[in-house]
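Now for the letters of each chain:
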Amino acid sequence: MGSALTLRRVKSDIEVLARAGLDTSTFLAEADASLQRAVPHVAACIPILDPATNLLTGTYKFGDLFGRDDHDDEWGTIEFGGSDPTSFAELLRREQPAVGVHLATNGDVACSDRLRDLIIPHYGYADEARLLACEGARAWGAMALFRGAEEGPFAAEEVAFLATLSDALAAGMRAGLLARAGRTPSASLSGPAVLIVGADGQYRQLSVGAEEALAELGSEEHSAAASGTIAALVAGARRYAAGSTTVLPRCRVRVGSGRWLVLHASPLASLDGTSGDVVVTVEEARPPEIVPLVVAAFELTPRERDVTQMVLQGVETKEIAATLHMSPYTVQDHLKSVFEKAAVRSRRELIARVFFDQYVPRMGSELAPSGWFAEP
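Numbers given for residues are sequential positions, taken from 1 along each chain in its written order. Reporting in this predicted model follows two pLDDT cut-offs: at least 70 for local features of residues, and 80 or more for side-chain atom pairs to be given and counted; totals over whole chains, interfaces and linings ignore these cut-offs and use all residues. To obtain the side-chain values, all non-hydrogen atoms of the structure were included, while hydrogens and water were left out.

**Focus: the pairing of strand β8 (residues 250-254)**
Basically, it comes down to this: Classification of residues uses two cut-offs on accessible area relative to the type maximum, computed with a 1.4 Å probe and protein chains only: under 20% is buried, over 50% is exposed, and between them is partly exposed. Each helix is a run of H or I in the DSSP string that is no shorter than four residues. Each strand is a run of E no shorter than two, and both are numbered from the N terminus. Think of it this way: DSSP has to see at least two bridges between two strands before they count as a pair.
Taken across its five residues, β8 has four buried, putting it largely inside the fold. Strand direction decides the pairing type here: β8 and strand β9 (residues 260-269), joined by five bridges, are antiparallel. Opposite Arg254, over in β9, you have Trp260 as the bridge partner.

Laid out in structure tokens, this is it:
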């Protein structure tokens, strides 16, 4: 572990990077390189999460893991389908957002399903330190650092230092989402894609457009998100079928082309009562599904979110004031703060920034019976 001066500098570096408006890939690469000075590690895996559902939407890998996408589906199944006490889902329930597996298991890392069944046999790492990137109750991503036996396990002081980085890492991941908000997406998907995943984890059936959707999901730099995201959804659907959760899994994903996708998964059962297959639907997200995520990324206060929601609906200042029981001057003060956080200068620019991805490239197109823009 680095000296006290090194720790302060690394923390400061990551906080500066988080405010630099970098895209996700660049921010995480720079942050990981800086973190190496304080908490050395041979590899890092950094998943991005949908803050509304805490499901995987992308993965970035560094060090020995860079360029490796093998076993991502197994990782997704274990991470989101099991009950490992060091899973990211369990970390969400803890006061401290970081954990060292060697420390948590008193040296018996085989107590972790993830290390015993995946990390040790396939990658040879001997210990893992995990961190959730949270701002308040929202988890924007996570980080897993690995060491081999020769490097020794992560110390309690290192895990405690990682916990202090949670806010800054979340801010950088959130800002990375906004850094891509102005990109014009490529042509739309040909339609909703449907995948049937069998009990063995293999695709049994693919609809028209499914391969296109899978390619989109794996198009992030440093990412092989398709297998991990699908595996996480399938695991969530099976937890639902087993009664372990009452919510069907879904997540919103921003892919490299600039397009937003929304993914759903649901368990299937045949008429004879047998089960095991899961249906996954991938379709282009509609603005109502995206707006809450984009607005959350602006880091608005609850009152600012209320004002923003009404602005996006085209409501005038006086009506906003009457509805929210505040003066027009207070509404203007909230709007000024919203404009600063969203890096815009007017209502029009705010609306464009939030809706740009989905609306602007299609302006002038005819509407389909669904109410969405018809395909050219």
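**Quick word on the pattern of salt bridges**
Pairing is possible between side chains that carry opposite charge, provided their charged atoms lie close to one another. Heads up, the rule is: We define a salt bridge as a side-chain nitrogen of Lys or Arg found within 4 Å of a carboxyl oxygen belonging to Asp or Glu.
All chains considered together, the criterion is met by 18 salt bridges. Asp117 serves as the salt-bridge partner of Arg116, at 3.1 Å between the closest nitrogen and oxygen. Under the relative-accessibility criterion, Asp117 is labelled partly exposed at 39%. Counted as one network, the salt bridges with shared partners bring together Glu79, Asp84, Arg114, Glu128 and Arg130.

**Quick word on the pairing of strand β4 (residues 127-135)**
In summary, the side chains of a regular strand alternate between the two faces of the sheet. For β4, a buried count of nine out of nine residues is recorded, marking the element as mostly surrounded by other parts of the structure. Here β4 shows a buried face lined by Asp127, Ala129, Leu131, Ala133 and Glu135 and a second buried face lined by Glu128, Arg130, Leu132 and Cys134. Relative to β4, strand β3 (residues 98-100) runs antiparallel, the two being bridged by three bridges. In the strand pairing of β4, Ala98 is matched with Leu131. With nine bridges connecting them, β4 and strand β5 (residues 138-147) associate as antiparallel partners. Across the sheet, the residue bridging to Asp127 is Arg147, located in β5. Taking the residues between adjacent antiparallel strands as the criterion, β4 and β5 are bridged by two residues, where Gly136 takes a positive phi near 65°.

**Some remarks on the sheet that holds strand β6 (residues 193-197)**
Either a parallel or an antiparallel arrangement is found when strands of a sheet pair, and the pairing is made through backbone hydrogen bonds. Under the convention used in this document: Here the axes come from fitting lines to C-alpha atoms, over the contacting stretch only for helices, and the angles between their N-to-C directions go from 0 to 180 degrees. Note on definitions: a residue-residue contact is assigned when non-hydrogen atoms from the two residues lie within 4.5 Å.
Within the open sheet, the five strands sit side by side as β7-β6-β10-β9-β8. Their pairing is antiparallel. In this open sheet, the two strands that pair with only one neighbour each are β7 (203-206) and β8. Within the sheet, the average angular offset between the axes of one strand and its neighbour, ignoring direction, is 25°. Where helix α9 (residues 210-217) meets the sheet, it contacts β6, β7, β8, β9 and β10 (275-284), and its direction lies at approximately 85° from that of β6.

**With respect to unusual backbone geometry**
Backbone geometry at Asn54 places phi at a positive 60°, although glycine is not the residue there. Along the polypeptide, Asn54 turns up in the loop between β1 (43-49) and β2 (56-63). Of note, His325 is a non-glycine position whose phi angle comes to about 60°, a positive value.

**Considerations on the environment of Val99**
If you trace the backbone, Val99 turns up in strand β3. In this structure, the C-alpha to C-alpha distance between Val99 and Ala156, residues 57 residues apart in sequence, is 8.6 Å. Once residues lying within four places of it in the same chain are set aside, the contact partners of Val99 are Thr86, Leu91, Arg94, Ala104, Glu128, Ala129, Arg130 and Val159.

**A look at empty space enclosed by the protein**
To be explicit about the condition: Any residue with an atom within 4 Å of a point lines the site, the site being either a cavity, points on a 1 Å grid over the protein atoms alone where a 1.4 Å probe fits but cannot get out, or a pocket, an open set with protein on both sides within 12 Å along at least 5 of 7 lines. Grid points are joined across faces, edges and corners, and a volume is the space filled by probe spheres set on the points.
Tallied over the entire structure, the rule returns three cavities of 30 Å³ or more. Empty space within the second largest cavity amounts to approximately 160 Å³. Every residue lining the second largest cavity is counted, 15 residues in all, and those nearest its centre are Cys45, Lys61, Asp72, Trp75 and Tyr123. Of all the elements in the fold, those that place two or more residues in the lining of the second largest cavity are β2, α3 (72-81) and α6 (113-123). Top contributing element to the lining of the second largest cavity by residue count: α6, with three residues.

**Focus on the sheet that holds β4**
One open sheet accounts for five strands, arranged β2-β1-β5-β4-β3; its pairing is antiparallel. Lying at the two open borders of the sheet, with one neighbouring strand each, are β2 and β3. Taken over all neighbouring pairs, the strand axes of this sheet differ in orientation by 15° on average, direction set aside. Contacts between helix α7 (residues 156-163) and the sheet are confined to β3, β4 and β5, with β3 contributing the most and set at about 160° to the helix. Packing of helix α8 (residues 166-179) onto the sheet brings it into contact with β1, β4 and β5, and relative to β4 it is tilted by some 65°.

**A closer look at the side chain of Glu135**
This is how the line gets drawn: Nitrogen and oxygen atoms within 3.5 Å of one another constitute a polar contact, given that in protein one can donate a hydrogen and the other can accept it, and given that sequence-neighbouring residues count only through two side-chain atoms.
Inspection of the secondary structure assignment puts Glu135 in strand β4. Within polar-contact distance, the side chain of Glu135 engages the side chain of Arg174 at 2.9 Å. With residues near it in sequence (within four places) discarded, Glu135 still touches Trp140, Asp167, Ala170, Ala171, Arg174 and Glu299.

What is shown is where atoms sit, not what they do.
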